[in-house]
Amino acid sequence: QALQLVREQLVPTGFFGLSSFLPMDREKLVDSLVIAACAGARGLVLLEDMLVSSLPSLDSEKFAALATSIAKAQINYKVVWLMLQEAFTESCAFGKYFSTQQLTEIAWAFALTGEGNSAMWSALHGGMASAGQL
């Protein structure tokens, strides 16, 4: 029952699947992620599967919103944070542009959870330097 609710709420938010053109509702996304976490391991595995299929195609705004939403939902599932870390580092390596606000949101999310390796923090530092913030 909880997993069905997660599927119904996460997919239409515009982060997963073909509905990626829809406007974002960050509050609803946080609520959906909390539901996923409350659903236990099955909910987190569902979230992981959705991230595998969608992370490569997320634009920088949606990536930043997703990272902050996962942090706000207090999801401390290491695999999810490793996936976000790897996706961010690769995005920066391939020259994806992140605004100063998006970089700040990503830094906040990783700092709040205590996640992120040195490569991720270096990519973040490089992004801030490129944006003229350092």
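Provided above is the structure to which this section pertains.
The numbering scheme is per chain: residues are counted from 1 as the chain's sequence reads. Whole-chain, interface and lining totals are the exception, using all residues; otherwise, since this is a predicted model, local features are given only for residues with pLDDT of at least 70 and side-chain atom pairs are given and counted only at 80 or more. Hydrogens and waters are ignored; side-chain quantities use all the structure's heavy atoms.

With 14 residues, helix α3 (residues 41-54) extends 20 Å between its outermost C-alpha atoms, agreeing within 8% with the 20 Å of an ideal straight helix rising 1.5 Å per residue. For α3, the full list of buried residues reads G43, L44, L46, L47, E48, M50, L51 and S54. Helix and strand assignments follow DSSP, with helices taken as H or I runs no shorter than four residues and strands as E runs no shorter than two, numbered in order from the N terminus. In this scheme, a helix's expected span is set at 1.5 Å multiplied by one less than its residue total. Burial classes: relative accessible area under 20% of the type maximum marks a residue as buried, over 50% as exposed, and values in between as partly exposed (1.4 Å probe, protein chains only).

Here the largest pocket is characterised by a volume of approximately 240 Å³. Residues are called lining when one of their atoms sits within 4 Å of a cavity or pocket point, these points coming from a 1 Å grid over the protein atoms alone, where a cavity is a set in which a 1.4 Å probe fits but cannot get out and a pocket is an open set with protein on both sides within 12 Å along at least five of seven lines. In this structure, the largest pocket is lined by 16 residues; those nearest its centre are L55, P56, E86, A87 and E90. Elements represented by at least two residues in the lining of the largest pocket include exactly α3 and α5 (78-93). Residue contributions to the lining of the largest pocket peak at 6 residues, all from α5. Following the grouping adopted for this structure description, the nonpolar residues are Ala, Val, Leu, Ile, Met, Phe, Trp, Tyr, Cys and Pro, the charged ones are Asp, Glu, Lys and Arg, and the polar ones are all others, Gly among them. Along the lines of polarity and charge, the residues of the lining of the largest pocket split into 11 nonpolar, 1 polar and 4 charged. Grid points are joined across faces, edges and corners, and a volume is the space filled by probe spheres set on the points.

Counting through the fold element by element, Q102 comes out in helix α6 (residues 100-113). Under this definition, polar contacts are N or O atom pairs within 3.5 Å; protein pairs additionally need one hydrogen-donor-capable and one acceptor-capable atom, and for neighbouring residues in sequence, both atoms have to be side-chain atoms. A polar side-chain atom of Q102 sits 2.8 Å from the main-chain amide nitrogen of S99. In contact with Q102, not counting residues within four places along its chain, are S60, E61, A64 and Y97. In what follows, residue pairs with any heavy atoms lying within 4.5 Å of each other are defined as contacts.

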